[in-house]
Amino acid sequence: MGTSQILQPTTDFRAEVLEAITEIIDELDQADDLVAGYALDHIASSETIFTYSTSPVVQRFLLKAASKRKFTVIQAEAYPNGHKRTHAAIMNVKIPDDEDDLDSDAFQKPLIAAGITVLLVPDSAIFALMSRANKVIICANAVLSNGSVVAAAGSKALVKAAKFHHVPVLVLAETYKLSPLYPYDPFDFVDYGDVQKVVEWQDREMMTGLSGVGNPVTELVDVENVDLFVTNLGGVSRGFMYRVVRDQYRDEDLEL
């Protein structure tokens, strides 16, 4: 009997894995720019855009539109988790490294430099000013299987005001933010931050007999309050978003 031969694998799995990782990294790097590439299709000259807090994705989207359009941006400050970041951005102030709720990327200054009028307003003015807006643009932290959006806490008040005033809502969401999860319990998608941003430690006497104080950082926005999603694949209506989410996953990945 001849000596048995050990069959060598004909596929270099290491090379395939490295290639797949490289493709994912490239997709992540290019996603924001691809989303911004559709800005001119959705923002017209002389419009007033309402947005919330600061987001690099929204910023790129607005800057792309500003290359050929002149418009106004109303930006709500997003208290208590995003207001320091928002104010620091509009004042072009360098933010301390130990502030976990701040981002060193300025939001308003590049917009102003591009010729965009930026108005910073408190959250309490959202409903009063919404009637002056032509559309609302926010960024998604995640988009769930039915199209509901996990966004920064306070976004729900913004989109509810928009719905009351019949102002269309656009949600910017790269495809890597699409999730197969279904929101059976909306509170499962609420993350909480430092409660001292709501009631500071030196004011603890105010909390006597008070329970349930929380500081939500994210919340769930129902898909019924969204008019259009803009992904790196293009615009998607809310009624078709569930299909786009499903197309990102194999059937065996849908059961988590």
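Rules used throughout
Residues numbered from 1 in each chain as written. Predicted model: local features only at pLDDT ≥ 70, side-chain atom pairs only at ≥ 80, totals over all residues. Heavy atoms only, no water. Helix = DSSP H or I, 4+ residues; strand = E, 2+ residues; numbered from the N terminus. Contact = heavy atoms within 4.5 Å. Areas by Shrake-Rupley, 256 points an atom, 1.4 Å probe, with all protein chains shown as cover. Patch = residues over 30% accessible without salt bridge, like charges linked within 9 Å, V, L, I, M, F, W, Y side chains within 5 Å. Salt bridge = Lys/Arg side-chain N within 4 Å of Asp/Glu carboxyl O. Lys, Arg positive; Asp, Glu negative; His and termini not counted. Charge placed at Lys NZ, Arg CZ, Asp CG, Glu CD. Buried < 20%, exposed > 50% of the residue type's maximum accessible area, 1.4 Å probe, protein only. Pairing = 2+ DSSP bridges. Axes fitted to C-alpha atoms, helices over the stretch in contact; angles between N-to-C directions. Expected span 1.5 Å × (residues − 1). Bend = angle between axes of the 7 residues up to and from the residue. Phe/Tyr/Trp six-rings, centres within 6.5 Å; stacked < 30°, edge-to-face > 60°. Parallel < 35°, antiparallel > 145°, perpendicular 65-115°, else oblique. Left-handed = near helix turned anticlockwise from the far one by under 90°. Nonpolar A, V, L, I, M, F, W, Y, C, P; charged D, E, K, R; others polar.

Asker: Honestly, the overall build of the chain in this entry has me stumped. Any pointers?
Answerer: Of regular secondary structure, the chain possesses eight helices and ten strands. Considering only contacts in the chain between residues 6 or more positions apart, those separated by 24 or more positions represent 75%. Counting every atom, the chain has about 14,800 Å² of accessible surface; 53% of that belongs to carbon and sulfur.

Asker: Is there a simple way to explain a positive patch on the surface in this structure?
Answerer: Together, Lys156, Lys160, Lys163 and Arg238 give the surface a local cluster of positive charge. For Lys163, a relative accessible area of 47% puts it in the partly exposed group.

Asker: So what exactly am I meant to see when it comes to the sheet that holds strand E1 (residues 48–52) here?
Answerer: Sheets are built from strands paired through backbone hydrogen bonds, the pairs being either parallel or antiparallel. Spatial ordering of the open sheet is given by E3-E2-E1-E4-E7-E9-E10, a layout of seven strands whose pairing is mixed. Edge positions in the sheet fall to strand E3 (117–121) and strand E10 (234–237), since each of these pairs with one other strand and no more. Going from strand to strand, the sheet's axes swing by 25 degrees on average, the running direction of each strand aside. Sheet strands touched by helix H3 (residues 56–66): E1, strand E2 (72–76), strand E4 (135–139), strand E7 (169–172) and strand E9 (228–231). Its angle to E4, the strand with the most contacts, is close to 135 degrees.

Asker: What is the right way to look at a negative patch on the surface in this model?
Answerer: There is a patch of like negative charges on the surface, built from Asp12, Glu16, Glu19, Glu23, Asp26 and Asp29. Structurally, Glu19 can be placed in helix H1 (residues 13–36).

Asker: Would you mind showing me how to read the pairing of E9 here?
Answerer: Consecutive side chains of a regular strand alternate in pointing toward one face of the sheet and then the other. Direction of pairing for E7 relative to E9: parallel, over a ladder of three bridges. Within the sheet, the bridge partner assigned to Leu170 lies in E9 and is Leu228. Of the pairings in the sheet, the one linking E9 to E10 comprises four bridges and is antiparallel in character. By the bridge assignment, Phe229 is partnered in E10 with Val236. Here E9 folds back onto E10, and the loop between the two strands holds two residues.

Asker: How should I be thinking about the pairing of E4 in this particular structure?
Answerer: Across the five residues of E4, five count as buried, placing the element largely inside the fold. Neither face of E4 is exposed, since Lys135, Ile137 and Cys139 on one face and Val136 and Ile138 on the opposite face are all buried. Here E4 pairs with E7 via four bridges, running parallel. Looking across to E7, one finds that Ile137 is bridged to Leu170.

Asker: Looking at this structure, how should I read H1?
Answerer: Residue pairs three or four apart in sequence face the same way in an α-helix, which turns once every 3.6 residues. Relative to the 34 Å expected for 24 residues at 1.5 Å per residue, H1 spans 35 Å between its end C-alpha atoms, a close match to the ideal helical length. At Gln30, H1 is bent by approximately 40 degrees, the largest bend along its length. Elements that come into contact with the buried residues of H1 comprise helix H2 (39–42), H3, E7 and E9.

Asker: So what exactly am I meant to see when it comes to the sheet that holds strand E6 (residues 149–152) here?
Answerer: With antiparallel pairing, the three strands of this open sheet are ordered in space as E5-E6-E8. In the strand order of this sheet, the two ends are held by strand E5 (142–143) and strand E8 (218–221), each with one partner. Across four bridges, E6 lies against E8 in antiparallel orientation. Paired with Ala151 across the bridge in E8 is Glu219. Sitting on the sheet, helix H7 (residues 155–164) is in contact with E6 and E8, with an inclination near 30 degrees to E8.

Asker: Could you clarify how one ought to interpret the packing of aromatic side chains in this entry?
Answerer: Any aromatic ring pair is given by two values, namely how distant the centres are and how the planes are angled relative to each other. In total, this model carries two aromatic pairs according to the counting rule given. Relative to Phe164, the ring of Phe127 lies with its centre 5.1 Å away and its plane at 45 degrees, an arrangement referred to as tilted. Of this pair, Phe127 sits in helix H6 (residues 126–130) while Phe164 sits in helix H7, and the two are 37 residues apart along the sequence. On the basis of an interplanar angle of 50 degrees and a centroid distance of 4.7 Å, the ring pair of Tyr182 and Tyr184 is categorised as tilted. The class for Tyr184 is exposed, based on a relative accessible area of 73%.

Asker: In this structure, what is going on with the packing of H1 against H3? I would like to understand it.
Answerer: In helix packing, the relevant descriptors are the interaxial angle and the interaxial distance, both defined with respect to the helix axes. Interaxial distance between H1 and H3 falls to 8 Å at its minimum, and their mutual angle equals 40 degrees. Taken together, the axes of H1 and H3 are oblique relative to one another. Our pair here, H1 against H3, has a crossing hand that is right-handed. The residues of H3 that touch H1, namely those facing Asp32, Asp33, Val35 and Ala36, are Val57, Arg60, Phe61 and Lys64. Of the residues assigned to the contact of H1 with H3, the class counts are four nonpolar, no polar and four charged.

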